[in-house]
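The lines below spell out each chain.
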2 protein chains.
Amino acid sequence: MGGLSDWLARRLRLAISDGRLPVGSRLPATRVLAGELRVSRGVVTEAYQRLIEEGHVAGRGRGGTIVVATPVAVPAASRPSLPANPSPAAGALFAAAPGADVFDALRAAPARIDLSPGLPDLAAFPRAAWLRAERSVLGSLSAADFGYGDPRGTPALRLAVANWLARNRGIRVDPNEVLIVAGTAQALGLLAQVFRHDGIREVAVEDPGSLGVRQHLRNGRMDTPPIPVDSEGVRVDELRTTGAPAVLLTPAHQFPTGVVLGGERRRELMRWAGEGGLIIEDDYDAEHRYDRPPVPALRSMLAERVCYAGSVSKLLAPALRVGWLLSPPKYRDALVTAKRYTDLGNAVLPQLVLAQLMESGEMERQLRFLRRRHRRRRDAMIDAVRTHLPGAVVHGAAAGLHLMITFEAGFADADLAGAALARGVKVQPLSWHSQRPNRPGLVLGYAASTPTDIGEGMAILAEVLRRLS
Amino acid sequence: MGGLSDWLARRLRLAISDGRLPVGSRLPATRVLAGELRVSRGVVTEAYQRLIEEGHVAGRGRGGTIVVATPVAVPAASRPSLPANPSPAAGALFAAAPGADVFDALRAAPARIDLSPGLPDLAAFPRAAWLRAERSVLGSLSAADFGYGDPRGTPALRLAVANWLARNRGIRVDPNEVLIVAGTAQALGLLAQVFRHDGIREVAVEDPGSLGVRQHLRNGRMDTPPIPVDSEGVRVDELRTTGAPAVLLTPAHQFPTGVVLGGERRRELMRWAGEGGLIIEDDYDAEHRYDRPPVPALRSMLAERVCYAGSVSKLLAPALRVGWLLSPPKYRDALVTAKRYTDLGNAVLPQLVLAQLMESGEMERQLRFLRRRHRRRRDAMIDAVRTHLPGAVVHGAAAGLHLMITFEAGFADADLAGAALARGVKVQPLSWHSQRPNRPGLVLGYAASTPTDIGEGMAILAEVLRRLS
């Protein structure tokens, strides 16, 4: 049903943007349109719901569903047709080792189907709820609230985050210990500054593990020795061997393998931390578990040795640039100072809007909605891999916004990603996220794409792969 | 008239917040209320206009003026009554040399009358226009706009800033050369990173000159040799003597003296820059000139040697954390990289809202409104200084959001500021902003306070000063 609804929502958006459905006009009754299109009424209802959430139409009770705003971006423009010949730029992106601007370049590269990992379904952003909360915030702020604020964040958001972490991640924390930051990227930069001042020069990382995280740590002048990840998660024995004083982990859903850190490994890790090891827990998509409740955060068990970073990038949208950082007491003041010198604190209005969405239950509603949708898309991707890429192995738990596939064959996965991009399909090669040699593989995001696009993308990947081998 | 309107707006806000004027109720007709209060009808109209802009009430044409939202902060809470005895915390704030958190501590200190410099009239924030623009932005964004964005800023805001700078500051710049940042504080941090990489280890600063700026440069591991400022602005001959490769200047309205850089000094400075000197132009309140059009930015004359930083902190509100940075071509890529590693770019929604306000003429409207109001408040402060502090010398051009006064007497201005804070009046001592010994003085913000509060504040300062000497 998701695919049909997506298709219908897209058609409606196009009709609104090119004037066939002008602002003020009424959409057909769901029953009528469903009959005309020979789809179930649920498909139409879901498409209308999407447009309502995007703020393009509004329900008026018995008055029907009315067009209230025009999308500026004409869908055609953001979905260029397949290039006749492979684009030379696409090849160049994957030809060299990835530099500091690699993710900007990948994002800017045109592609018809974007299966980059790391994005939630952005079309589901709760525009109407955001606007309602913004109106309420603007109506209740005092003049002084528009001045320079607390570099740690507004009290309202720090409280909302503390409550969110208690409800969703099993973490008990005093709101005064929450530092609001501009996403996990900024949290890593602040931690690197503070660690360096404390004499720490390296932060071990999972391997495979996020290229972006590694880039940020290295920019903060940290070495990043690689620790292998197996089916139970990070190899704590190997971590001990490196002698690194700190490690960055993604225990809830390892990036990119999707492994959940096993119970015995967690205990081993606790022992390592108890002997002086320091953990950065990047809890980037922990709330997105589809088959069972998420495992508790490491932070909930060992507050004194865990720096915990979370954000709304995977819950609402990366464009908001809001996240949070908890740290052991010894680093707290230094982190506030580092944040102050970085930007004097996050912008106030979005913090207050977000606090309202978190405290009103809107965020949990959004998360439940996303979980259902993401799960369907994950299932669609696994089906499509089985159909089109029977030689590929799918890794990871039923969680998150992406999955990893690997191949037994011997080829360069960057070539596969480059050839796929030339055919209009954007994916990331596993080798980007690996420090040591690895089997060829791909990291595939499914959360932001419709099942139809996912299926088509996998079919194109299969075709590209046949030509490559 | 401003003072009465302020008073009336405050009374109305209080009545709304404590339920005497519930949401949905109608305010009295302006003519009626003016008669009851024995004030001119303009006073009432202006007070209502304030509440409309704040979003607390809305005009309904013939339906009258209706209460639509409740202020959460009860004014009484943010205006504690005068403490019976001097508070010990207040004294401590000014007793030691100012540390990294000094501005946070000063902001957090309770005071009935806040004459800190650096804030525009925050009550004038155009809440209704902001909300309208936000609605329009949310209605027109594509889903992809909610993803990770360009670390340089959104194309729409970079274009709007380029147009703003052309209209208001005589600067012609390609939008692609505009870097959107989280305020001038962040601009300084990014510049320090890039300068250091280029072998630069010191940035000379004006003396007196902003303590906050000096703290940010020093945190970026720059030395900050002081260059004296006289009635024509910074002493370029002294700048040459230091041999510093770079200097930070506030040419349009020097902070804190208020001096405008003279013509001959500008030419001298151009020669120094032409011989290899590098300028950071902190154009922090250049748009607020009351007696004539502002002088053009140095950047407009010498793009190759000037890094230019501006922000909306003095135009709209510091809480927005949005600014812009222009730089010579040689530093451009490195600054983008530094911004990317700092936070992956500013949040997208507020950038787009701001772009709309700038392109629609709303920002210029706001600026014209603020100029009129600020000018009245400046005049009120000068009058009050003449009345209550006849021994003080007022410095600076008819511009900006603050003025500086100095005293011929010999006492520590930090003691004066401390004693004033203990009496409920917040000011900054000139010594905070001086590296070399200086006459005692105060830096006084007038833009965010009503003429009544300004007058009362000056009277208390005079009383405190009498006890001190």
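Residues numbered from 1 in each chain as written. Chains lettered and ligands numbered in written order. Predicted model: local features only at pLDDT ≥ 70, side-chain atom pairs only at ≥ 80, totals over all residues. Heavy atoms only, no water.

## Here's the deal with the packing of aromatic side chains
Phase 1 of the analysis: Summed over the entire model, instances satisfying the criterion amount to 14 aromatic pairs over all chains.
Phase 2 of the analysis: When the ring of Phe146 of chain A is compared with that of Phe125 of chain B, the centres are 4.2 Å apart and the planes differ by 20°; the resulting orientation is stacked. Residue Phe146 of chain A is found in the loop between helix H7 (127–140) and helix H8 (155–169), and its partner Phe125 of chain B is found in the loop between strand E3 (113–114) and helix H7 (127–140); the two belong to separate chains. There is no split in this pair, since Phe146 of chain A and Phe125 of chain B are both buried.
Phase 3 of the analysis: Between Phe255 of chain B and Tyr284 of chain B, the aromatic rings sit 6.0 Å apart at their centres with planes inclined by 80°, giving edge-to-face as the arrangement. With a gap of 29 residues between them, Phe255 of chain B in the loop between strand E8 (246–249) and helix H12 (263–274) and Tyr284 of chain B in the loop between strand E9 (278–282) and strand E10 (306–311) connect regions that are remote in the sequence.
Phase 4 of the analysis: Connected via pairs of aromatic rings, a cluster forms that spans Phe94, Phe103 and Trp432 of chain A. (Phe/Tyr/Trp six-rings, centres within 6.5 Å; stacked < 30°, edge-to-face > 60°. Helix = DSSP H or I, 4+ residues; strand = E, 2+ residues; numbered from the N terminus. Buried < 20%, exposed > 50% of the residue type's maximum accessible area, 1.4 Å probe, protein only.)

## Considering the interface of chain A and chain B
Phase 1 of the analysis: At the interface, 61 residues of chain A touch 62 residues of chain B.
Phase 2 of the analysis: Summing both partners gives a buried area of about 4,900 Å² for chain A against chain B, and 60% of it is carried by carbon and sulfur.
Phase 3 of the analysis: For chain A, the biggest contributors to the area lost against chain B are Phe146, Tyr148 and Tyr341 of chain A; these three give 17% of the whole.
Phase 4 of the analysis: The tally of links between chain A and chain B comes to 2 salt bridges.
Phase 5 of the analysis: Between Asp104 of chain B and Arg340 of chain A there is a salt bridge; the shortest N-O distance is 2.6 Å.
Phase 6 of the analysis: For the pair chain A and chain B, the number of links is 26 residue pairs in polar contact (both at pLDDT 80 or more).
Phase 7 of the analysis: Within the residue set of the side of chain A that touches chain B, elements represented by two or more residues are helix H6 (102–108), H7, helix H9 (183–197), helix H10 (211–219), helix H13 (329–343) and helix H14 (348–359) of chain A.
Phase 8 of the analysis: The greatest single-element share of the side of chain A that touches chain B, amounting to 8 residues, is contributed by H7 of chain A.
Phase 9 of the analysis: Class assignment of the residues belonging to the side of chain A that touches chain B gives a composition of 30 nonpolar, 17 polar and 14 charged. (Contact = heavy atoms within 4.5 Å. Buried area = accessible area lost by both parts, 1.4 Å probe. Salt bridge = Lys/Arg side-chain N within 4 Å of Asp/Glu carboxyl O. Polar contact = N/O pair within 3.5 Å; in protein donor to acceptor, adjacent residues only side chain to side chain. Nonpolar A, V, L, I, M, F, W, Y, C, P; charged D, E, K, R; others polar.)

## A word on the domain arrangement of chain A
Residues and elements named next belong to chain A.
Phase 1 of the analysis: Split into domains, chain A comes out as domain 1 (2–67), domain 2 (80–124 + 365–468) and domain 3 (145–361).
Phase 2 of the analysis: The C-alpha-based centres of domain 1 and domain 2 are spaced at 30 Å.
Phase 3 of the analysis: Taken together, the contact between domain 1 and domain 2 spans 8 residues of the former and 10 residues of the latter.
Phase 4 of the analysis: At the boundary of domain 1 with domain 2, total buried surface from both sides reaches about 650 Å², with 39% on carbon and sulfur atoms.
Phase 5 of the analysis: Our enumeration of links across domain 1 and domain 2 arrives at 2 salt bridges.
Phase 6 of the analysis: Here Glu46 and Arg373 are joined by a salt bridge, their closest N and O atoms 3.1 Å apart. (Domains from an automatic or database assignment.)

## Some points on the packing of helix H15 (residues 362–388) of chain A against helix H17 (residues 451–468) of chain A
Residue and element names in this part refer to chain A.
Phase 1 of the analysis: It is the contact of H15 with H17, at a shortest axis distance of 9 Å, that shows an interaxial angle of 25°. It follows from the interaxial angle that H15 and H17 lie roughly parallel. Here the hand of the crossing between H15 and H17 comes out right-handed. In this structure, H15 uses Arg377, Ala380, Met381, Ala384, Val385 and His388 to contact H17, whose residues at the interface are Pro451, Ile454, Gly455, Met458, Ala459 and Ala462. (Axes fitted to C-alpha atoms, helices over the stretch in contact; angles between N-to-C directions. Parallel < 35°, antiparallel > 145°, perpendicular 65-115°, else oblique. Left-handed = near helix turned anticlockwise from the far one by under 90°.)

## Quick look at empty space enclosed by the protein
Phase 1 of the analysis: Under the definition given, this model contains 11 cavities of 30 Å³ or more.
Phase 2 of the analysis: Approximately 200 Å³ is the volume found for the largest cavity.
Phase 3 of the analysis: Around the largest cavity, the lining is made up of 21 residues, and of these Asn346 and Ala347 of chain A together with Arg321, Asn346 and Ala347 of chain B lie nearest the centre.
Phase 4 of the analysis: For the lining of the largest cavity, the secondary structure elements donating two or more residues are H13 and H14 of chain A together with helix H14 (348–359) of chain B. (1 Å grid on protein atoms, 1.4 Å probe; cavity = no way out; pocket = protein on both sides within 12 Å on 5 of 7 lines; lining within 4 Å. Points joined across faces, edges and corners; volume = space filled by probe spheres on them.)

## Side note on the sheet that holds strand E16 (residues 441–445) of chain A
Residues and elements named next belong to chain A.
Phase 1 of the analysis: The 4 strands are arranged E12-E13-E16-E15 in an open sheet whose pairing can be described as antiparallel. Here the strands that pair on one side only, and so sit at the sheet edges, are strand E12 (392–395) and strand E15 (428–429).
Phase 2 of the analysis: Sheet topology places E15 next to E16; 2 bridges connect them, and they run antiparallel. Counterpart to Gln428 in the pairing with E16 is Val443.
Phase 3 of the analysis: Along the sheet, H15 makes contact with E12, strand E13 (402–407) and E16, crossing E13 at roughly 15°. (Pairing = 2+ DSSP bridges.)

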